[in-house]
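Residue-level listing of the chains:
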Amino acid sequence: MADDFSYTVEETFGSISESKGGWKTELNLVSWGGRPAKYDLRPWAPERAKMGKGITLTKEELKGLRDLLNGMNLD
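All of the points below concern the structure found in this document. Just so it is clear, the structure is predicted and the values come from calculations on it, not from any experiment. (Residues numbered from 1 in each chain as written. Predicted model: local features only at pLDDT ≥ 70, side-chain atom pairs only at ≥ 80, totals over all residues. Heavy atoms only, no water.)

**Quick look at the overall build of the protein**
Part 1 of the argument: The secondary structure content of the protein amounts to one helix and four strands.
Part 2 of the argument: Written out in order from the N terminus, the α and β elements of the protein read β-β-β-β-α.
Part 3 of the argument: On the principal axes, the C-alpha backbone points of the protein span a range of 50 × 30 × 20 Å.
Part 4 of the argument: When the 75 residues of the protein are sorted by exposure, 20% land in the buried category.
Part 5 of the argument: As presented, the protein carries roughly 5,900 Å² of accessible surface, and 53% of it is formed by carbon and sulfur atoms.
Part 6 of the argument: Considering the protein, the positive charge centre built from 11 side chains and the negative charge centre built from 12 side chains are found 2 Å apart. (Helix = DSSP H or I, 4+ residues; strand = E, 2+ residues; numbered from the N terminus. Buried < 20%, exposed > 50% of the residue type's maximum accessible area, 1.4 Å probe, protein only. Areas by Shrake-Rupley, 256 points an atom, 1.4 Å probe, with all protein chains shown as cover. Lys, Arg positive; Asp, Glu negative; His and termini not counted. Charge placed at Lys NZ, Arg CZ, Asp CG, Glu CD.)

So, in structure tokens, the structure goes:
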């Protein structure tokens, strides 16, 4: 039995990098398999033809990551 793999990019917030091949690492709001959308950070091929491995976060987890990054000294 094949799994029904579907996703919908509901909102794009922006790209944090782009490779020479045109893949962009983006932060999006994505619904996976018809479930409620979550924040998703992963690389996407041009035209979103393929995707790389990434992380999916709830709103609370994204806030926690933001707070952690804001507290870091990245100089």
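**Here we look at the packing of aromatic side chains**
Part 1 of the argument: Across all of its chains, the model carries five aromatic pairs by this definition.
Part 2 of the argument: Between tyrosine 7 and tryptophan 32 the ring centres are 5.5 Å apart and the planes differ by 45°, which places this aromatic pair in the tilted class. Separated by 25 residues along the polypeptide, tyrosine 7 in strand β1 (residues 7-18) and tryptophan 32 in strand β2 (residues 24-32) bring together distant segments of the chain.
Part 3 of the argument: Here tyrosine 7 and tryptophan 44 contribute two aromatic rings whose centre-to-centre distance is 5.4 Å and whose plane-to-plane angle is 50°, an arrangement assigned as tilted. (Phe/Tyr/Trp six-rings, centres within 6.5 Å; stacked < 30°, edge-to-face > 60°.)

**A few points about the environment of leucine 74**
Part 1 of the argument: Turning to its location among the elements, leucine 74 is positioned in the segment after α1 (59-70).
Part 2 of the argument: The sequence separation of leucine 74 and leucine 29 amounts to 45 residues, and the corresponding C-alpha distance is 26 Å.

**Structural notes on the sheet that holds β2**
Part 1 of the argument: One open sheet accounts for four strands, arranged β1-β2-β3-β4; its pairing is antiparallel. In this open sheet, the two edge strands, each paired with only one partner strand, are β1 and β4 (55-57). The mean inter-strand angle of the sheet, taken between neighbouring strand axes irrespective of direction, is 25°.
Part 2 of the argument: As defined by bridge partners, β2 adjoins strand β3 (residues 38-44) across seven bridges and the pair is classed as antiparallel. What sits directly across from leucine 27, in β3, is leucine 41.
Part 3 of the argument: Packing against the sheet, α1 makes contact with β3 and β4, and its axis sits at approximately 105° to β4. (Pairing = 2+ DSSP bridges. Axes fitted to C-alpha atoms, helices over the stretch in contact; angles between N-to-C directions. Contact = heavy atoms within 4.5 Å.)

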